[in-house]
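# Survey of secondary and tertiary structure
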Amino acid sequence: MSHKYVVVGAGITGSVIARRIAEERGEKVLVLDSRNHIGGNCYSRFDPETGIEVHRYGTHIFHTSERRVWDYLNRFTEFNSYRHKVLTTYKNRTYHMPVNLQTINSFFNLSLRPHEVAGFIQKQSEKENITDPQNLEEKAISLIGRDLYEAFVKGYTLKQWECDPRELSADIISRLPFRHTYECDYFTCRYQGLPYQGYGKMFENMLDHELITVQLETDFFDIRNELPEDCTVYYSGPVDRFFDYCHGELTWRSLRFEYGTEDVVDYQGTSVMNYADIDVPYTRIHEYQHLHPERENKSGKTVISREFSMKWKQGEEPYYPVNTAEDRKILELYQAEAQKLPRVHFTGRLGQYKYYDMDKAVLAALEIELKTLS
């Protein structure tokens with residue numbers, strides 16, 4: 001193998017880096033991935049029975065306010081006009097999520113106006129007298145009050161993280177918006193949508209360059225000793241695995257999906273339905289046809305998947321870094337090890353043990369310094 005650059009992982013981060021190396025440095029780059037497809041967790045395929053594009057690792061919506069990121073990806077794909085809306089089911093009733101004015105009025109059987117929401121919620125949260133929230137539960141209650149927390153956050157969080165919300169960082173809940181209006185778009189970014197021809201085609205276009213070689217079903221650790229000693233590696237796999245877990249395992253959440261084809265035209269009327277009740281074992285149901293309203297589904301059937309959250313263990317796919325205080329201590333040890341390897345750059349969500357939205361992953365890959373040591 002004579003490549004000066006090796007990119008480990010053909011997901012969003014690795015694909016952007018590989019394309020930049022080929023275009024900006026004019027160098028050959030080898031892209032390795034242990035899976036049998038490109039695209040990482042964004043991978044999607046067209047179901048042969050229904051023709052519906054199915055996301056293999058959960059629904060991925062692209063959204064960004066960064067014009068640079070939007071312009072870059074539009075080199076490789078057009079995007080449709082999809083705007084993401086999420087609903088949640090609690091005790092057999094359906095509400096908007098994140099919590100907005102419809103959620104509040106429907107849940108409390110009220111008719112509040114936008115200017116009345118702040119005072120109402122303040123009265124709800126003041127009942128708990130939380131002035132300095134120290135964990136997810138306290139932060140959520142301080143924002144929306146206990147009743148809304150118990151209905152829409154607590155059960156879902158218990159299923160998603162499989163631990164008491166009081167053991168989780170308050171920062172996690174800050175990712176969930178809270179609105180005083182009827183605005184129901186989940187994201188408010190300027191640029192949103194899904195690749196018009198699918199994620200698969202977008203990644204094919206990104207990696208379609210004469211200087212890029214893609215090698216699938218290849219574990220980096222099986223061939224690392226065959227790589228040139230002077231090659232530069234951009235590694236987007238789990239950082240703890242790279243060092244053979246010498247300082248211990250970082251904790252992750254993993255996901256499991258149960259796919260099924262339903263013999264109905266429309267199963268739930270939306271792309272993602274959350275389930276807040278703790279006694280419902282899955283966190284949400286995805287129905288993929290709704291991601292592309294511009295496509296006509298003539299099959300008379302629809303494809304769904306139920307999403308289950310579970311603890312990660314070796315051999316399974318890591319999705320979300322848990323990022324406890326102990327994790328941060330372990331991560332510092334791995335970061336110190338990484339500093340000793342000037343030819344290896346740890347990138348992406350797994351390599352940096354950091355939760356990235358897709359646009360932030362693209363931006364980080366665009367800003368990473370491309371260099372090699374001679």
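These numbers were taken from a predicted model, which means no experiment stands behind them.

Bringing unusual backbone geometry into the picture now. Cis geometry is found at the peptide bond from Met97 to Pro98, where omega equals 10°. Note that Pro98 resides in the loop between β7 (93-97) and α3 (101-108). One non-glycine residue with positive phi stands out, namely Glu162, at about 55°. Here Glu162 is to be found in the loop between α6 (146-161) and β8 (191-193). Residue classification places Glu162 among the partly exposed residues on the basis of a relative accessible area of 43%. With a phi close to 65°, Asn323 is a non-glycine residue in the positive phi region. With respect to the helices and strands, Asn323 occurs in the loop between β15 (320-321) and α10 (325-338). Of the residues examined, Asn323 reaches a relative accessible area of 31% and is grouped as partly exposed.

All right, on to the packing of aromatic side chains then. Going through the model one piece at a time under the given rule, you end up with 33 aromatic pairs. Measuring from centroid to centroid gives 6.5 Å for Tyr5 and Tyr234, while their planes differ by 20°, and the two rings are stacked. Residue Tyr5 is located in strand β1 (residues 5-8), and its partner Tyr234 is located in strand β10 (residues 232-235); the two are separated by 229 residues in the primary sequence. On the basis of relative accessible area, Tyr5 is assigned to the buried category, the value being 0%. Each member of the aromatic cluster is reached from another via a ring pair, and the members are Phe220, Phe221, Tyr235, Phe242, Phe243, Tyr334 and Phe346. A cation over an aromatic ring shows up here: Arg256 above the ring of Phe308, its NZ or CZ 4.2 Å from the ring centre. When the ring centre of Tyr282 is taken as origin, the NZ or CZ atom of Arg306, which lies over that ring, is 5.5 Å away.

Ranked by internal contacts, the top residues of the largest apolar core, which has 57 residues, are Val6, Ile104, Phe152, Phe220, Val233, Tyr235 and Phe346. Shared between two domains, this core takes at least three residues from each, and those domains are domain 1 (5-84 + 190-252 + 316-367) and domain 2 (100-172). Listed in part, the 47 residues of the second largest apolar core include Ala10, Val69, Tyr199 and Leu370.

For the rest of this paragraph, the subject is the side chain of Arg20. Assignment of secondary structure puts Arg20 in helix α1 (residues 12-25). On the accessibility criterion, Arg20 (8% relative accessible area) is buried. One polar contact links the side chain of Arg20 to the main-chain carbonyl oxygen of Leu366, over a distance of 2.9 Å. A distance of 2.9 Å separates the side chain of Arg20 from the backbone oxygen of Ile368, its partner in a polar contact. Those residues in contact with Arg20, other than ones at most four positions away along the chain, are Arg25, Tyr72, Ala365, Leu366, Glu367, Ile368 and Leu370.

Parameters and conventions
- Here the residue index of a chain counts from 1 through its sequence in written order.
- Residue-level local features of this predicted model are given only where pLDDT is at least 70; pairs of side-chain atoms are given and counted only at 80 or more, and the full residue set underlies all totals for whole chains, interfaces and linings.
- Computation of side-chain values covers all heavy atoms of the structure but excludes hydrogens and water.
- Strands are runs of DSSP state E lasting at least two residues, helices are runs of H or I lasting at least four, and both sets are numbered from the N terminus onward.
- Accessibility here uses a 1.4 Å probe with only protein chains present; expressed as a share of the type maximum, an area under 20% marks a residue as buried, one over 50% as exposed, and anything in between as partly exposed.
- Note on aromatic contacts: the rings of Phe and Tyr and the six-membered ring of Trp form a pair at centre separations within 6.5 Å, being stacked when their planes are under 30 degrees apart, edge-to-face when over 60 apart, and tilted otherwise.
- In our convention, an over-ring charge means Lys NZ or Arg CZ found within 6 Å of a ring centre and within 35 degrees of that ring's normal.
- By nonpolar core we mean a set of buried residues, namely Ala, Val, Leu, Ile, Met, Phe, Trp, Tyr and Cys, connected to one another through side-chain atoms within 4.5 Å.
- These domain boundaries are the output of an automatic or database domain assignment.
- Under this definition, polar contacts are N or O atom pairs within 3.5 Å; protein pairs additionally need one hydrogen-donor-capable and one acceptor-capable atom, and for neighbouring residues in sequence, both atoms have to be side-chain atoms.
- Every residue pair with non-hydrogen atoms within 4.5 Å of one another is taken to be in contact.

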